[in-house]
Every structure is written in C-alpha cells, then in structure tokens.
Amino acid sequence: MKTFKSNAFAMTGLLTLAVAGQKCTTAENSKTEKPNLVIIFADDMGYGDIGAFGHPTINTPNLDRMAYEGQKWTQFYVAASVSTPSRAGLLTGRLPVRSGMCSDQRRVLFPDSEGGLPPEEITLARILKDNGYRTAISGKWHLGHKYPFLPTDHGFETYYGIPYSNDMDRVAELPEGLTWITMQIALAEEENYKAYNVPLMRDDQVIERPADQRTITKRYTEEAVDRIREFKDEPFFVYLAHSMPHIPLFRSEEFKDTSLAGFYGDVIEEIDWSVGRIMETLREEGIEENTLVIVTSDNGHWHIFETHGGFGGLLRGAKGGTFEGGMRVPTLLWWPGQIEPGVVMELGTTMDLFPTFCKLADIDLPDDRIYDGYDISPVMFGTGPSPRDIVYFYRGTQVFAIRKGSYKAHFRTRPEYGDPATTTHDPPLLYNLNIDPSEKYDIAEENPDIIAEIQEILEEHLATVVPVENQLEK
Ligand code: MG
C-alpha cells in the first residue's frame, strides 16, 4: 500500500532533507534530545484559505514553504466544527464528549459561562511539563476563563491572550440598517475594536480591555518568539493560537490593503508572516532541526460572513457543520531534516497530536482513560501508514457522521447556522471521499454492506461514551 505521495517541489529541491530524515528515527531522537513542539492554531481558517491548499490570490509564501519543506496533510480533521470542543480535542487527545466540553444547547463557552476543561483532564501542556518541558501559550484559549480552567491551571507556565472568541463581549448597539452579519463586517475597521470589550490576559490577570485587536496577531507572535528564545536550551512546547481570521477581522498597519484578496487576504497574510517569524526564530537559534512545527485551524471557514468568512476550497459545508468543510482543515508539518517532505493523503486528526507528541517525547500515554488519538509519527517519518481509519463527526454531543476508510456516512445533517431543523437520513447519506471529496454523489443505495459496517462502528463507539457533567451548560 502506498502510504505517501511525494510533492514534486520537495523531491526535486529538497532531496537532501528527505535523505537526512531517514537517518534519524524517533527512537534515536528521543534517546538523545527531546524535540521541541510548536502548534500554530488559526481560528476559522478554511481548507481553501492558503496558497498551498489552492487559494489563487492569498499570498502565503511561508506556509507554502512549510508545505514543500515539510508535509502537507490533505485529509486532516478536527474534533468538532466549532471552537471550544475542537480545542478540547486538540489539547486532551480525546473527543470532547468525554470531557463534557460540547453541548447541544450552547455550542461553545461564552463570557457568562462558569465551566471549563475539568482539572482532571490531562492537557498536552500538563503531560509535557510534568516530563521536563517548558510550556507557553499565546492567543485564544476558549477552554474556560475562570479558575481552575485557565491555561496556567492546565500546565502552561505562561499565558498571554484573549481567553475566548474575539467577537464576544460586544458592547456596540446594532446600527440601523445593519444585520448581525453585516455589522461584524462593518466593525472590523479601525477604532471599532472597542466595540468588543474582550480582555487581554497575562497569566491569570487582565492587562488590557478592550484588547486592541489591530495588533493582536503581531503581539501573539512576538510573545511566542520571546518564549522560544527563553526556552531554547530546554525542550519546549509553545502553542500559538491566533484569534484571526475569526470575525471581526483585524490586521496590523503593515498588512492593510496589501493582499489581492482584500481584507480577509490581509488577515491571512499576516498569519503567514507570523508563521515565517516562528520559522525564522527557530533558524536563528539553530534549533529548527529539533523542533516540530504544526500549523492547522480549529474548524472550517465561517461562510456566513461573506467576504470576511474565508474559503473551504472544493469541500462542501463550513464551520458549524459536519460536512467536510466544517472539520477538514489545512494542515502543515515542518521539521527540517527529520520528517519526510511530501503530500500526505493519510487520515489524521488534531486528537492524534497528543499520543504522537508523547511518543516523540518518550512519555507513556496515561492508561487510566480512553484516548481517541493515535500516534501518527510513522507517517511523519515515512515508516508506516496512519493507524487511523475512522473519523467521528460530532455536532454537540451527537455523532452526525462517521468516516471509515474512504467512505463517509451521514446519519444526520443540519445547516451550520440559522435553521434549527435536523434531518435524519435512513439510510444514511454515503459518499466516497477519495473519489468525491465535495460530497456530491450519494452512493448509499448501492452499498448497504458499507452502511451496515459503519452502523456497527457507531454502536461500538457509543458504548464507550460515558456521560459526564456538561461544562458548556454551567
Ligand atoms: Mg474557530
């Protein structure tokens, strides 16, 4: 079975890196030096929002460089199609339904929420810190903004960022003639950041309110750069979780009106600058060959915001839904001289990063809980296929769809926003995603055996889900 499709750029221009990568295995690496780990997590960046994933007029040279020096994963998913549960999945390696971090009433945490990621959940930061890593986060948290749910309660030594979404705490009245949607677009300019009274926090203290979002991408980045420079002599985990391109959009003065793709393009191009700044810092410090950098997004593009809402490329659906555009995200891995450059078409999810990082850092996975992630390091090193064959598409606490191999069955569908109606499909809608990534052609009728197999997977999976206290409804 061919597990790996090579990128033409990588094979011609960077053959040396590929060869060097084969010389250093995970085992060798973990014996000598634990790798540094960096996750750059955009908010609502869609599958089609960057050059390497096909956007024709958003200029992303740094992300594109990551793609040809590293790995571009074309079938990589998140744990949920909205922020809070997606982030819970990323940081715990577990489906959010297991930690109570998803709900059918309130889809994410809000400023009036009392809950958060329970202290008994083990985050990536916690397990890495307990095993000798330095840890820091700059950016959006959205897993609880009160004690004991803050990043500094969950294994991060330092926190600098906005603790929830950048469109919350809105103080502006709805101006006449504007809808909720057109207002978010109108408010994305200049001084209008004051319309969102979101706090900027340093550790557990508010240091600025409202946060000046015009410079937020730049400031998150400089914070991450500072922590990398501070931690460089020890293994570190730095999590840079951008608030952008979630609406309302903001960008620094230097990026104003610079993109062919307008305001949204400016915002993505500043995130691209941020990625370049991190890569440049790692090179300057001479630690790029011992640092894995992963760039991805918490969910798909928020299509309802028109030109401020990004692009899902050829995928159907968007943020908030369980079609591919809601949960398949553009994903790049970069680790010069270590991972085999190319395009990876294997399945992966953000939940896989927990066991993968544990493997890379030579840490035993805790055995007192269910993990939904898999160690995908064999795919990174070109030594084997992805252990993942199944992806669950949850909406709130319900499984709406399941992917098994190339097939995806939708048991239920519902519009991403606005329309409350859920449609139950019997038989489920069935698509072959390898052949039909846009989910256009229902092949359920011809494939009752595949549907039966996926039904069985659903039942087996549901038997593993134990009810816990809901954190989003508190
Ligand atoms: Mg998001």
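Here, residues in each chain are numbered from 1, in the same order as that chain's written sequence. Restriction of local features to residues with pLDDT of at least 70 applies here, the model being predicted, together with a cutoff of 80 or more for giving and counting side-chain atom pairs; totals for whole chains, interfaces and linings are based on all residues. Just so you know, side-chain values use all the structure's heavy atoms and leave hydrogens and water out.

J.: Mind showing me how you'd approach the packing of aromatic side chains here?
T.: Two descriptors summarise a pair of aromatic rings, namely the distance from one centre to the other and the angle between the planes of the rings. Note on ring pairs: Phe, Tyr and Trp rings are taken, using the six-membered ring of Trp, and paired if centres are within 6.5 Å. Classes follow the plane angle, with under 30 degrees stacked, over 60 edge-to-face and the rest tilted. For the structure shown, the criterion picks out 16 aromatic pairs. Between the aromatic rings of Trp302 and Phe305, the centroid separation amounts to 4.7 Å while the plane-to-plane angle is 75 degrees, which identifies the pairing as edge-to-face. Assigned by exposure class, Trp302 and Phe305 land together as buried. A connected cluster of aromatic rings, assembled from ring pairs, spans Phe41, Trp141, Phe156, Phe237, Tyr239 and Phe357. Placement of a positive charge over a ring is assigned whenever Lys NZ or Arg CZ falls within 6 Å of the ring centre and within 35 degrees of the normal to the ring plane. Across from the ring centre of Phe323, 3.9 Å away, lies the NZ or CZ of Arg316, which sits over that ring. Burial classes: relative accessible area under 20% of the type maximum marks a residue as buried, over 50% as exposed, and values in between as partly exposed (1.4 Å probe, protein chains only).

J.: When you look at the coordination of the magnesium ion in this model, what are you seeing that I'm missing?
T.: For a metal bound by four donors in a tetrahedral arrangement, the ideal donor-metal-donor angle is 109.5 degrees, while six donors in an octahedral arrangement ideally sit at 90 or 180 degrees. Shown as donors are all N, O and S atoms within 2.8 Å of a metal ion, widened to 3.2 Å for Na, K and Ca; because water is not in the atom set, sites may appear incomplete. Around the magnesium ion, the protein contributes the donor atoms Asp43 (OD), Asp44 (OD), Asp298 (OD), Asp298 (OD) and Asn299 (OD1), at 2.1 to 2.5 Å from the metal centre. Within one chain, the residues donating to the magnesium ion are spaced in sequence as D-D-x253-D-N. Pair noted here: Asp44 is in the loop between strand S1 (36–42) and helix H4 (61–69) and Asp298 is in the loop between strand S8 (291–297) and helix H10 (324–327), with a separation of 254 residues, a long-range link. Helix and strand definitions follow DSSP, with helices as H or I runs of at least four residues and strands as E runs of at least two, each counted in order from the N terminus.

J.: For this particular structure, what's the right way to read the sheet that holds strand S14 (residues 423–432)?
T.: The strands making up a sheet associate through backbone hydrogen bonding, with each pair oriented either parallel or antiparallel. Sheet architecture is open: four strands sit in the order S11-S12-S13-S14, paired in antiparallel fashion. Edge positions in the open sheet fall to strand S11 (390–395) and S14, since each of these has one partner strand only. Taken pair by pair, the neighbouring strands of this sheet meet at an average axis angle of 20 degrees, ignoring direction. Strand pairing follows a simple DSSP-based rule, namely that at least 2 bridges must link the two strands. In this structure, S11 lies alongside strand S12 (residues 398–404), joined through six bridges in antiparallel fashion. Every axis corresponds to a line fitted to the C-alpha atoms, with the helix fit spanning only the stretch in contact, and the corresponding angles, defined between N-to-C directions, vary from 0 to 180 degrees.

J.: What's the story with the domain arrangement of the chain in this structure? I'm lost.
T.: Many authors give the size of an interface as the accessible area that is lost as the parts come together. Throughout, the edges of the domains are those of an automatic or database domain assignment. Under the domain assignment, the chain is made up of domain 1 (33–388) and domain 2 (392–462). One C-alpha centre belongs to domain 1, the other to domain 2, and the line joining them spans 27 Å. In what follows, residue pairs with any heavy atoms lying within 4.5 Å of each other are defined as contacts. Between domain 1 and domain 2, the contact holds 27 residues from the first and 23 residues from the second. Both sides together, the interface formed by domain 1 and domain 2 hides about 2200 Å², and carbon and sulfur atoms give 55% of it. In short, buried area is how much 1.4 Å probe accessible area vanishes from two parts on joining, totalled over both. If you sort the residues of domain 1 by the area they bury against domain 2, Asp104, Thr322 and Phe323 come out on top, with a joint share of 25%. For this analysis, a salt bridge means a side-chain nitrogen from Lys or Arg found within 4 Å of a carboxyl oxygen belonging to Asp or Glu. Across the domain 1-domain 2 interface, the total number found is one salt bridge. In this structure, the salt-bridge partner of Glu324 is Lys408, at a minimum N-O distance of 2.9 Å. For the purposes of these results, a polar contact is taken to be a pair of N or O atoms within 3.5 Å, where, inside protein, one atom must be able to donate a hydrogen and its partner to accept one; residues adjacent in sequence count only when each atom of the pair is a side-chain atom. There are 14 residue pairs in polar contact (both at pLDDT 80 or more) connecting domain 1 and domain 2. The set of elements that each furnish at least two residues to the side of domain 1 that touches domain 2 consists of strand S2 (71–77) and H10.

J.: Quick question: what am I supposed to make of the pattern of salt bridges here?
T.: For the coordinates displayed, the defined rule picks out 36 salt bridges. Of the charged contacts in the structure, one is a salt bridge between Arg87 and Asp43, with a shortest N-O distance of 3.4 Å. You can see Arg87 sitting in helix H5 (residues 83–92) and its partner Asp43 sitting in the loop between S1 and H4, a full 44 residues away along the chain. Across the pair, exposure class does not vary: Arg87 and Asp43 are buried alike. Between Glu469 and Lys474 there is a salt bridge, with the nearest N and O atoms lying 3.6 Å from each other. Where salt bridges share partners, they join Arg134, Glu157, Arg202, Glu223, Arg227, Glu230 and Glu234 into one cluster.

J.: How do you make sense of the sheet that holds strand S4 (residues 158–161) when you look at a structure like this?
T.: One open sheet holds the ten strands; their spatial order is S6-S5-S4-S3-S7-S1-S8-S9-S2-S10, and the pairing between them is mixed. Each edge of the sheet is formed by a strand with only one pairing partner; in this case those strands are strand S6 (205–208) and strand S10 (342–349). In this sheet, adjacent strand axes meet at a mean angle of 20 degrees when their direction is disregarded. Both strand S3 (residues 134–139) and S4 contribute to a ladder of three bridges, which runs parallel. In the sheet register, Ala136 faces S4, and the bridge partner there is Thr158. Strand contacts of H4: S2, S8 and strand S9 (331–334), with the helix running at about 65 degrees to S9, the strand carrying the most contacts.

J.: Before we go on, may I ask you to explain the nonpolar core in this structure?
T.: Looking at soluble globular proteins, one finds that nonpolar side chains tend to be buried together. Within the largest apolar cluster, 58 residues are counted, with the highest numbers of intra-cluster contacts made by Ile39, Leu128, Phe237, Tyr239, Leu292 and Phe357. Looking at this core element by element, the count peaks at five residues for helix H11 (residues 353–360). Here this core gathers at least three residues from each of two domains, domain 1 (33–388) and domain 2 (392–462). Discounting residues that sit within four places of it in the chain, Tyr239 has contacts with Ile39, Phe41, Arg87, Leu90, Leu91, Ala136, Ile137, Ser138, Lys140 and Phe156. Among buried residues, the Ala, Val, Leu, Ile, Met, Phe, Trp, Tyr and Cys ones that are joined through side-chain atoms within 4.5 Å form a nonpolar core.

J.: It is not clear to me how unusual backbone geometry should be interpreted in this structure. Could you clarify?
T.: Negative phi values dominate among residues other than glycine, just as trans dominates among peptide bonds. Here the bond from Arg209 into Pro210 is cis, since omega is 0 degrees, no more than 30 degrees from zero. Looking at where Pro210 falls in the secondary structure, it is placed in the loop between S6 and helix H8 (216–231). Cis rather than trans, the peptide bond between Asp426 and Pro427 has omega equal to 5 degrees. Relative to the helices and strands, Pro427 resides in strand S14.

J.: What should I look at first to understand the environment of Ile162 in this one?
T.: Positionally, Ile162 belongs in the loop between S4 and helix H7 (180–186). Expressed as a C-alpha distance, the spacing of Ile162 and Arg229, which sit 67 residues apart in the sequence, is 22 Å. Beyond its immediate stretch of four places on either side in the chain, Ile162 contacts Gly139, Lys140, Trp141, Val198, Pro199, Leu200, Ala211, Gln213, Ile216, Tyr220 and Ser243.

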